[in-house]
Amino acid sequence: MVRAIYPGSFDPVTNGHLDIIERASRAFDHLIVAVLENPRKVSLFKMEERVAMLKIITKKFSNVNVDSYNGLLVDYADKVNASIIVKGLRAVSDFEIEFQMALANRKLNSKVETLFMMTNNIYSFVSSSIVKEVAGYGGNIRDMVPKEVHQIIVDKINSVKNA
Ligand code: PNS
């Protein structure tokens, strides 16, 4: 039974994330989508909001659950008995930081393996930051985020803009 974690800040979830969730749910027996704070980023959506959106879009996958954690990813992996960390790679620009994190995580816990999945090319330009930027200027993000949470994302970005 291979248990994998797909970690991220998911601020907010995008179609690129959903694509990785879908493919990783087929590759592993169980997948935990784990929302962790990224110390390098200030988040727009609260942790509960990010978890709630992920729960909505993963309802259809019977072997996927959503959780949140504050602390080191490898400690979380130990806690939930997961041996694999799944990461999505969009472009060479992702590689440098992901390479560094994978090596740091291996140094911290060599029993947990990081595996990378190449993004679907149609989502290679999509990121949470691009979604926030485009929606913040009133642009159309319909093809960038899962349809079930599109309105939640637009409403939140508008409410922050109008605050
Ligand atoms: O979606 P993101 O922002 O690229 O995800 C990055 C994340 C949250 C997976 C990463 O920052 C992380 O693992 N944070 C938890 C703290 C940790 O374990 N840091 C050590 C990795 S070097």
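Overview of the structure. Please read these numbers as outputs of a predicted model, since none were measured by experiment. (Residues numbered from 1 in each chain as written. Predicted model: local features only at pLDDT ≥ 70, side-chain atom pairs only at ≥ 80, totals over all residues. Heavy atoms only, no water.)

1. Quick notes on the sheet that holds strand β1 (residues 3-8)
Then, in step 1: Spatially, five strands are ordered β3-β2-β1-β4-β5 in an open sheet, and the strand pairing comes out parallel. With one partner strand each, in any of the chains shown, β3 (64-69) and β5 (113-118) form the two edges of the open sheet. Looking at each pair of strands side by side, their axes are set apart by 30° on average, direction ignored.
Then, in step 2: Across six bridges, β1 lies against strand β2 (residues 30-36) in parallel orientation. Bridge assignment links Y6 to a residue of β2, and that residue is V33.
Then, in step 3: Docked against the sheet, helix α1 (residues 15-27) engages β1, β2, β3, β4 (84-89) and β5, running at close to 120° with respect to β5.
Then, in step 4: Strand contacts of helix α4 (residues 92-108): β4 and β5, with the helix running at about 170° to β4, the strand carrying the most contacts. (Pairing = 2+ DSSP bridges. Helix = DSSP H or I, 4+ residues; strand = E, 2+ residues; numbered from the N terminus. Axes fitted to C-alpha atoms, helices over the stretch in contact; angles between N-to-C directions. Contact = heavy atoms within 4.5 Å.)

2. A short note on unusual backbone geometry
Then, in step 1: The step from D11 to P12 runs through a cis peptide bond, and the omega angle for that step is 5°.
Then, in step 2: Locating P12 in the fold gives a position in the loop between β1 and α1.
Then, in step 3: Unusually for a residue other than glycine, N81 sits at a positive phi of about 65°.
Then, in step 4: Looking at the element boundaries, N81 is found in the loop between α3 (73-79) and β4.

3. With respect to the site of the ligand
Then, in step 1: Taken together, 16 residues surround the ligand, and among them S9, N38, K41, L72 and L73 come closest.
Then, in step 2: Within the side chain of N38, a nitrogen or oxygen atom sits 2.8 Å from an oxygen atom of the ligand.
Then, in step 3: The separation between an oxygen atom of the ligand and a polar side-chain atom of K41 is 2.9 Å.
Then, in step 4: Within the complex, 81% of the 540 Å² of free accessible area of the ligand lies under protein.
Then, in step 5: Of all the elements in the fold, those that place two or more residues in the shell around the ligand are β1 and α4.
Then, in step 6: Of all the elements, α4 adds the most residues to the shell around the ligand, at three residues.
Then, in step 7: Of the residues assigned to the shell around the ligand, the class counts are seven nonpolar, five polar and four charged. (Near = heavy atom within 4 Å. Polar contact = N/O pair within 3.5 Å; in protein donor to acceptor, adjacent residues only side chain to side chain. Areas by Shrake-Rupley, 256 points an atom, 1.4 Å probe, with all protein chains shown as cover. Nonpolar A, V, L, I, M, F, W, Y, C, P; charged D, E, K, R; others polar.)

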